Amino acid sequence: MKLIHQSAGKKLYRDGNRLIKSFDESYSKAGILNEALNQARVEESGLNIPKVLGVEVIDGKWSLIWEYIEGETLEELMNKHPEKTDEYLEFFVDLQIAMSKEKVPLLGHLRDKMHSKISASSFPATVRYDLHVRLDGLPRHKKLCHGDFQPSNVVITPDGKPYIIDWSHATQGNGSADAARTYLIFMLQKKEDLAEKYLKLFCKKTDTAVQYVQNILPIVAASQSTKKKPEEAEFLAKWVNVCDWQ
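**Quick notes on the packing of helix H6 (residues 175-188) against helix H9 (residues 217-225)**
Running from amino to carboxyl end, H6 crosses H9 at an angle of 65 degrees, the nearest separation of the two axes being 9 Å. Crossing angle aside, the handedness with which H6 passes H9 is right-handed. Every residue of H9 that contacts H6 at Ala 177, Ala 180, Arg 181, Tyr 183, Leu 184 and Leu 188 is listed here: Leu 217, Val 220, Ala 221 and Gln 224. For the contact of H6 with H9, the per-class residue count stands at eight nonpolar, one polar and one charged.

**Concerning the pairing of strand S2 (residues 10-15)**
Here strand S1 (residues 2-7) pairs with S2 via five bridges, running antiparallel. Counted as the bridge partner of Leu 3 is Tyr 13 from S2. Linkage of S1 to S2, two consecutive antiparallel strands, is achieved through a turn of two residues, within which Gly 9 is found at a positive phi near 80 degrees. Sheet analysis places S2 next to strand S3 (residues 18-23), joined by six bridges and oriented antiparallel.

**Thoughts on the side chain of Thr 182**
Mapped onto the secondary structure, Thr 182 falls in helix H6. In contact with Thr 182, not counting residues within four places along its chain, are Phe 92, Gln 96, Phe 149 and Tyr 198.

**Examining unusual backbone geometry**
The phi dihedral of Asp 59 falls on the positive side, at around 55 degrees, and the residue is not glycine. When you line up the elements, Asp 59 lands in the loop between strand S4 (52-58) and strand S5 (61-67).

**Overview of the pattern of salt bridges**
Tallying each qualifying case throughout the model produces eleven salt bridges. In this structure, Glu 75 engages Lys 191 in a salt bridge whose closest nitrogen and oxygen atoms are separated by 3.4 Å. You can see Glu 75 sitting in helix H2 (residues 74-80) and its partner Lys 191 sitting in the loop between H6 and helix H7 (192-206), a full 116 residues away along the chain. The exposure class assigned to Glu 75 is partly exposed, which follows from its relative accessible area of 25%. Overall, the relative accessible area of 28% leaves Lys 191 in the partly exposed class. The residue Arg 111 makes a salt bridge to Asp 136 at a minimum N-O spacing of 3.8 Å. Within this pair, whereas Arg 111 is found in helix H4 (residues 110-120), its partner Asp 136 is found in helix H5 (residues 125-136), the two being separated by 25 residues in sequence. Three or more residues joined by partner-sharing salt bridges are found here, namely Lys 21, Glu 35 and Asp 166.

**Here's the deal with the packing of aromatic side chains**
A complete count under the given rule lists eight aromatic pairs for this structure. On the basis of an interplanar angle of 55 degrees and a centroid distance of 6.2 Å, the ring pair of Phe 92 and Phe 186 is categorised as tilted. Of the two residues, Phe 92 is situated in helix H3 (residues 85-100) and Phe 186 in helix H6; the sequence distance between them amounts to 94 residues. An identical accessibility class is assigned to Phe 92 and Phe 186; each is buried. Aromatic side chains Phe 235 and Trp 239 sit 6.0 Å apart centroid to centroid with 65 degrees between the ring planes, which places their arrangement in the edge-to-face category. You can see Phe 235 and its partner Trp 239 sitting in helix H10 (residues 230-240), four residues apart, about one turn around the helix. For Phe 235, a relative accessible area of 25% corresponds to the partly exposed category. The rings of Phe 92, Phe 149, Phe 186, Tyr 198 and Phe 202 are connected pair by pair, giving a single aromatic cluster.

Calculation criteria
Residues numbered from 1 in each chain as written. Predicted model: local features only at pLDDT ≥ 70, side-chain atom pairs only at ≥ 80, totals over all residues. Heavy atoms only, no water. Axes fitted to C-alpha atoms, helices over the stretch in contact; angles between N-to-C directions. Helix = DSSP H or I, 4+ residues; strand = E, 2+ residues; numbered from the N terminus. Left-handed = near helix turned anticlockwise from the far one by under 90°. Contact = heavy atoms within 4.5 Å. Nonpolar A, V, L, I, M, F, W, Y, C, P; charged D, E, K, R; others polar. Pairing = 2+ DSSP bridges. Salt bridge = Lys/Arg side-chain N within 4 Å of Asp/Glu carboxyl O. Buried < 20%, exposed > 50% of the residue type's maximum accessible area, 1.4 Å probe, protein only. Phe/Tyr/Trp six-rings, centres within 6.5 Å; stacked < 30°, edge-to-face > 60°.

The quantities given are spatial measurements derived from coordinates; they are silent on function.
Below you can see the structure in the form of structure tokens.
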């Protein structure tokens, strides 16, 4: 096995045509099995995603095994060919829109997950109440939502076929909430220009008011805050306090 990537509590290995994601003890068995189940359920859609091959304990660590997809991520391509940023961004948004048209009825609901995250956040009760009310006011959709849709989670094969990876946060719900999450990811990565371009393009292609997505941003910011990353705290608090608009 060859180590190809690692982050807090997780390591990714390539083993021939298999990709092995190994988790340390900070991850619960239930969470790991739920990630495998999410991906297996999304496999039943019409999307190109890596197939789950198994869940095993390898060297004492719970591990997910799925197909290894040969190719480059969209993020790598954007960094390699900055002159094609607009072209890649359009491809990215079109892929997100196609994804949102899929239905995976056995997935959990984004609304329930966000209510739980808001409740678990450290914001004052008055702010949490406003966020819960705002969330309840959103239209109840059942679109497939990735939960972490960003260029690093799109792999382009040598023949140009896109595969969407990392379905650990998959839910069904409001597609614009998923778009708000993508916008927030770009902002947290200090890619402000790309974030604004992305939001305008998404709203234009889906005939959605920019203000509608902006109205969801405090909710996704509160959800992100539960990860308790000190470097994000001040930025997210500013977004959450946009609730004061009302």
